[in-house]
Amino acid sequence: MEIDKIDKIIDKHNCEAASLLQIMLDIQKENNWLTKEALARVSERLDVPLNRIQHIATFYKAFSLVPKGRHKVHICVGTACHVRGATRILDTVEEATGIKPGETDLDLKYSLETVNCLGCCALGPVMEVDGKVHGKMTPVKAADALKTYE
Amino acid sequence: MARVNTPEELNTFRQEILSKRDPNNPVVSICAGAGCVASGADEVIKAFEEEIEKQGLGAKVDTKGTGCPGFCEQGPIVVIYPEEICYIQVKAEDVPEIIEKTILNNEVVERLCFKNPGTGEVAIHESDISFYKAQQRTVLCNNIKIDSKSIDDYIALGGYSALAKALGEMSDVDVLEEVKKSNLRGRGGAGFPAGRKWEGSRNAPEPIKYVIVNADEGDPGAFMDRALLEGNPHSILEGLIIGGYAIASHEGYFYVRQEYPLAVININLAIKQAQEYGLLGENILGSGFDFKVYVHQGAGAFVCGESTALMTSLEGRAGEPRPKYTRSNIKGLWNRPSVLNNVETWANVPLIVNKGADWFTSIGTESSKGTKIFSLVGKINNTGLVEVPMGTTLHDIIYNIGGGIPDGKKFKAVQTGGPSGGCIPEDLLNLEVGFDELTKAGSMMGSGGMIVLDEDTCMVDVARYFIEFLTDESCGKCVPCREGLRQMHRILTNITKGKGKQGDIETLEELAETAVEASLCALGKGAAAPLLSTLKYFRDEYEAHINEKRCPALACKELISFYIDPDKCQGCGMCRKQCPADAIDGDKKLIHIIDQDKCTKCGTCFEVCPSKFSSVTKLSGVPVPEAIAEDKRTIVKKAKAKGK
């Protein structure tokens, strides 16, 4: 990610240390992950020690310190989905993609995450791929749905 | 639009909006909440817009994407005003018919109406539907009537009149006294009286004070705050401004989960619109009161729903809770007095100011006033958001509104209060919901999550699930929570895997007690509740797992096996074709057999086996019977067998 893009985001938040989180969220959104260079730049401009930034980057779930895959697969493991069998969906997706939650495959095709409630409990269990919700999943339907992504 | 400078001007402006709208013209409201969008509401909205344009009805018919009315089970929901005709599960293909019949010819499309399952009666209007009938919607009611992106819609329905009343007719102390008198208790979890919290901040000597909306709704399975933020953002904003006025604060914050992007957009838009109208900013409605609002996004940490952690996060740091030697309403954000209330609490404030504390206290129980929104989810027929007066029984919510348990299964328990709440068994279903009543039963109100569990749900697994969630979300600052939860999780996982041993229950109880006593914040203090409440009411399930290596609910994967009953199998091959692990052997007219070594226990065979055969069964605690001998596997039709 280029330095001037990062600077633009920092300037948008008036270079304030109190907006550190919002700045990091914007960079994450723009670049999909937080590069070492980006964090170093934020540290330098905001005059915040890098270890505090690292603390934040590892504390919050929204941040990633590694690149993400082309397709973001979210399996909802909220309580409603859990009692309707989300674990079985997760098992199937792990099997199909070969990765565990929090991981990205070597081809950078899928990133798999579990999420704690997507707010569409009526459709549970739910799998979300690139923002599209696949509701009322069964292991077979989940495996079939994944096959449609290139 | 010019600035509104006085309460009178607001009133005139409202009349102006209303005079431009013919109440007899049809309005098509389509729920654009998360649940309905996931079921295809976006396509329905588009279809309506296109069809209306195609037929040249644009001037007469208004279409709007609204907030969530709560009946997620039957989404996408469409309500057509002024008759209030409610259609469910609407698809884009249905749109031309709806326009042709309902809008142009005033006829009802019956096949799209809800049929009350008990009586089979067709419910044409929203209010005829059994799900809505038993509810009392004071906070959620406007969601379906308002285009969530339009401040005019909100004002037309009387929006900001509470603010005008507070600023124009009441002193700040009057507002505070009214809220105190209403006994409004925090809707986010602990149920602390909002008025007392406000008063503490007001009386604190520090001149700069803050008011904050806690919109970091992290409870898995709870989405009422989301529905309000997305559907009716102005109601929360209005409450916040009134709160600011009452405690003499001039700065407010929304702390919104980043997982709710639409809520962030709608809140930001609402703030912008309110500023343009002069309902926010300097000298609001000519009262001399100034107020600014900022939106901060969370970054995915459940613990940030805790008040001090949220404030730490607002300051731009990792959201770890702080010890509360001094309460945050005295020393909170940047060490200044800060009133933090939940979304639903703020949304109640304009209602209290408008209708008075006496109206509010007329609803509810002795100690819990007003209504509460619950998100009714899990093994329930009518999933959705339910707003009922405090004091409604769990039985009424689950059976009268929720329509009971699907597939004729038996009710086992209802989990309330999210990860810090507990499970309530069947014999307590007559419990009236209220802050103190639920706490007494070993659970809590929490933010209003209500997860219904049926006989297929394993209670040990439920406890393990919540402990796993909290282990993951513990910030790690204090030992009883960080280490205690990890150990509880390890033991519970072992039990569900059949590796439980004598003494595990006692160790769990000891760990739980330490976490409750010694944790720094509510996350750790409440963490043991799901465990302790399931132990209290379902101890036999724990014992069955440990002593007999049996899961009574047939849910724990490691403790069950799938088995095809040779007497029932008709060799249809459904299970064999669908088995993802190729673990089923069989052929036409051959009894099918599951290879237990290959079986991954995904349960597909159990689901696809035709119900007229139901030959696939789950076994737990008993060995799987020997496979049937090869020479006996051929299926002979009974009729033929008789003939022989």
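Residues numbered from 1 in each chain as written. Chains lettered and ligands numbered in written order. Predicted model: local features only at pLDDT ≥ 70, side-chain atom pairs only at ≥ 80, totals over all residues.

Here we look at the overall build of chain A
Here is step 1: Helices and strands together make up the secondary structure of chain A, namely 7 helices and 4 strands.
Here is step 2: Along the chain direction, N to C, the helices and strands of chain A fall in the order α-α-α-α-β-α-α-β-β-β-α.
Here is step 3: Each principal axis of the C-alpha distribution contributes one length, and for chain A these read about 50 × 30 × 25 Å.
Here is step 4: The proportion of buried residues among the 150 residues of chain A is 42%. (Helix = DSSP H or I, 4+ residues; strand = E, 2+ residues; numbered from the N terminus. Buried ≥ 20, exposed ≤ 12 C-beta atoms within 10 Å, placed from the backbone.)

Observations concerning the domain arrangement of chain A
Here is step 1: Looking at the assigned domains, one finds that chain A contains domain 1 (3-59) and domain 2 (71-147).
Here is step 2: Distance from the C-alpha centre of domain 1 of chain A to the C-alpha centre of domain 2 of chain A: 30 Å. (Domains from an automatic or database assignment.)

With respect to the interface of chain B and chain A
Here is step 1: Taken together, the contact between chain B and chain A spans 41 residues of the former and 36 residues of the latter.
Here is step 2: Of all the secondary-structure elements, those providing two or more residues to the side of chain B that touches chain A are helix H2 (34-38), strand S9 (292-297), strand S11 (371-378), strand S15 (449-454), helix H18 (459-473) and helix H24 (604-608) of chain B.
Here is step 3: Of the residues contributing to the side of chain B that touches chain A, the split by class is 15 nonpolar, 20 polar and 6 charged. (Contact = placed C-beta atoms within 7 Å. Nonpolar A, V, L, I, M, F, W, Y, C, P; charged D, E, K, R; others polar.)

Section: the sheet that holds strand S2 (residues 110-115) of chain A
Pairing between the strands of a sheet comes from backbone hydrogen bonds, and it takes one of two forms, parallel or antiparallel.
Residues and elements named next belong to chain A.
Here is step 1: With respect to topology, 4 strands assemble into an open sheet ordered S2-S1-S3-S4, the strand pairing being mixed. The open sheet terminates on both sides in strands that have one partner only, identified here as S2 and strand S4 (132-134). Looking at each pair of strands side by side, their axes are set apart by 20 degrees on average, direction ignored.
Here is step 2: Strand direction decides the pairing type here: strand S1 (residues 71-76) and S2, joined by 6 bridges, are parallel. Considered in S2, the bridge of Lys-72 is made with Ser-111.
Here is step 3: Contacts between helix H6 (residues 86-97) and the sheet are confined to S1, S2 and strand S3 (127-129), with S1 contributing the most and set at about 155 degrees to the helix. (Pairing = 2+ DSSP bridges. Axes fitted to C-alpha atoms, helices over the stretch in contact; angles between N-to-C directions.)

Here we look at the sheet that holds S9(B)
Residue and element names in this part refer to chain B.
Here is step 1: Here 4 strands make up an open sheet; going across it, the order is S9-S8-S7-S10 and the pairing parallel. The sheet is open, and its two edges are formed by S9 and strand S10 (338-342), each paired on a single side. Neighbour to neighbour, the strand axes of the sheet diverge by 20 degrees on average, direction disregarded.
Here is step 2: Together, strand S7 (210-215), strand S8 (251-256) and S9 form the strand contacts of helix H12 (residues 261-276), whose direction differs from that of S9 by roughly 165 degrees.

Describing unusual backbone geometry
For residues other than glycine, phi is negative in most cases, and the peptide bonds are mostly trans.
Here is step 1: Residue A:Pro125 is bonded to the preceding A:Gly124 through a cis peptide linkage, with omega at -5 degrees.
Here is step 2: Inspection of the secondary structure puts A:Pro125 in the loop between S2 and S3.
Here is step 3: Between B:Gly75 and B:Pro76 the backbone carries a cis peptide bond, its omega angle lying at -10 degrees.
Here is step 4: Here B:Pro76 shows up in the loop between strand S2 (62-66) and strand S3 (78-81).
Here is step 5: Here A:Cys117, not a glycine, exhibits a phi torsion of approximately 155 degrees, which is positive.
Here is step 6: One can find A:Cys117 in the loop between S2 and S3.
Here is step 7: In this structure, B:Lys601 is a non-glycine residue whose phi angle is positive, near 60 degrees.
Here is step 8: Its location among the elements puts B:Lys601 in the loop between strand S18 (593-594) and H24.
Here is step 9: Its 21 C-beta neighbours within 10 Å are what place B:Lys601 among the buried residues.

Focus on the environment of B:Glu315
Here is step 1: Within the element layout of this structure, B:Glu315 appears in the loop between helix H13 (307-314) and S10.
Here is step 2: Overall, B:Glu315 belongs to the partly exposed group, with 16 C-beta atoms counted inside 10 Å.
Here is step 3: Counting along the chain gives 18 residues from B:Glu315 to B:Leu333, while the straight-line C-alpha distance between them is 7.3 Å.
Here is step 4: Setting aside anything within four residues of it in sequence, one finds B:Glu315 in contact with A:Ala18, B:Leu333 and B:Trp334.

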